[in-house]
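# Summary of structural features
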Amino acid sequence: MTDPLLIPCPHCNGLNRIPAERLNDHPKCGRCKAEVLLSKPFELKQGDYASQIKGDLPLLVDVWADWCGPCKSFAPVFEQAAGQLAGKCRLAKLDSEANQQLSAQLGIRSIPSLILFKNGREVARQSGAFPLPQLMSWLHSQGI
């Protein structure tokens with residue numbers, strides 16, 4: 001048996017220990033009882049950031065804004081990726097307008113921007129909207 005993975009809940013930020021072999025069993029949060037691993041992106045906010053970048057599963061953040069045309073066209077691609085990556089990588093959306101302080105802290109200069117976090121640290125960044133195969137290829141090159 002392998003060591004359990006530490007994974008933050010996207011709903012309450014509670015840290016959960018989940019055995020790697022149980023990642024596909026729709027694990028529930030020990031605190032709020034909601035599903036921990038979603039097959040769709042969850043909303044990331046300023047107050048959730050510090051908790052959500054922790055854990056053993058990578059976190060891919062899409063920084064976007066409602067007025068941004070490329071952001072809107074990329075949203076379905078990001079949603080598809082979330083379905084394909086469930087249990088391998090968590091996907092979150094950060095509204096740069098609603099979370100301006102966090103966007104500034106992250107040094108966002110253009111949107112859409114993708115930021116990949118592993119073990120609480122930023123490991124890769126990519127700007128622009130692109131098709132699903134290119135997104136999956138980029139994530140594969142990052143070890144996802």
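Residues numbered from 1 in each chain as written. Predicted model: local features only at pLDDT ≥ 70, side-chain atom pairs only at ≥ 80, totals over all residues. Heavy atoms only, no water.

### Remarks on the overall build of the chain
For the chain, the helix and strand inventory stands at four helices and seven strands. In terms of overall dimensions, the chain is globule-like: its C-alpha atoms have a radius of gyration of 15 Å, near the 15 Å expected for 144 residues. Principal-axis analysis of the C-alpha atoms places the extent of the chain at approximately 45 × 30 × 25 Å. For the chain, the proportion of its 144 residues judged to be buried stands at 46%. Counted over contacts in the chain with a minimum sequence separation of 6, partners at least 24 positions apart contribute 61%. Here the chain contributes 16 positively and 13 negatively charged side chains, and the mean placements of these two sets differ by 3 Å. (Helix = DSSP H or I, 4+ residues; strand = E, 2+ residues; numbered from the N terminus. Rg over C-alpha atoms; globule rule 2.2 N^0.38 Å. Buried < 20%, exposed > 50% of the residue type's maximum accessible area, 1.4 Å probe, protein only. Contact = heavy atoms within 4.5 Å. Lys, Arg positive; Asp, Glu negative; His and termini not counted. Charge placed at Lys NZ, Arg CZ, Asp CG, Glu CD.)

### Some points on the pairing of strand β6 (residues 113–118)
Along β6, five of the six residues are buried, which leaves the element largely enclosed by surrounding structure. Both strand β4 (residues 59–64) and β6 contribute to a ladder of five bridges, which runs antiparallel. By the bridge assignment, L60 is partnered in β6 with L116. Looking at chain direction, β6 and strand β7 (residues 121–127) are connected through six bridges and run antiparallel. (Pairing = 2+ DSSP bridges.)

### A word on the environment of E21
Tracing the chain through its elements places E21 in the loop between β2 (15–19) and β3 (42–44). Measuring from C-alpha to C-alpha, the distance between E21 and V61 comes to 25 Å, with 40 residues separating the pair along the chain.

### Focus on the state of the cysteines
Using the criterion set out here, one finds zero disulfides in the structure. Take C89: it sits in no disulfide, and the sulfur closest to it among the cysteines is that of C9, at 17 Å. (Disulfide = S-S within 2.5 Å.)

### Overview of the pattern of salt bridges
When the charged atoms of two side chains with opposite charge come close together, those side chains can pair. For the coordinates displayed, the defined rule picks out four salt bridges. A salt bridge links D66 to K72; the nearest nitrogen and oxygen atoms lie 3.8 Å apart. (Salt bridge = Lys/Arg side-chain N within 4 Å of Asp/Glu carboxyl O.)

### Some remarks on the sheet that holds strand β5 (residues 90–95)
If you trace the five strands from one edge of the open sheet to the other, you get β3-β5-β4-β6-β7, paired in mixed fashion. Each end of this open sheet is capped by a strand with a single partner; those strands are β3 and β7. Pairs of neighbouring strands in the sheet enclose a mean axial angle of 30°, with direction left out of account. Running over the sheet, helix α2 (residues 69–85) touches β4, β5 and β6 and is turned about 155° from β5. (Axes fitted to C-alpha atoms, helices over the stretch in contact; angles between N-to-C directions.)

### Regarding unusual backbone geometry
Residues apart from glycine generally show negative phi values, whereas peptide bonds are mostly found in trans. Residue P112 is bonded to the preceding I111 through a cis peptide linkage, with omega at -5°. One can find P112 in the loop between α3 (100–105) and β6. Not every positive phi belongs to a glycine, and K33 is a case in point at roughly 70°. According to the relative accessible area criterion, K33 is exposed, its value standing at 57%.

### Description of the packing of α2 against helix α4 (residues 132–141)
Running from N to C, α2 and α4 cross one another at 50°; their axes reach a closest spacing of 10 Å. Considering the angle they form, α2 stands oblique to α4. Here the hand of the crossing between α2 and α4 comes out right-handed. Within the contact between the two elements, α2 uses F74, V77, Q80, A81, Q84 and L85 and α4 uses L132, L135, M136 and L139. (Parallel < 35°, antiparallel > 145°, perpendicular 65-115°, else oblique. Left-handed = near helix turned anticlockwise from the far one by under 90°.)

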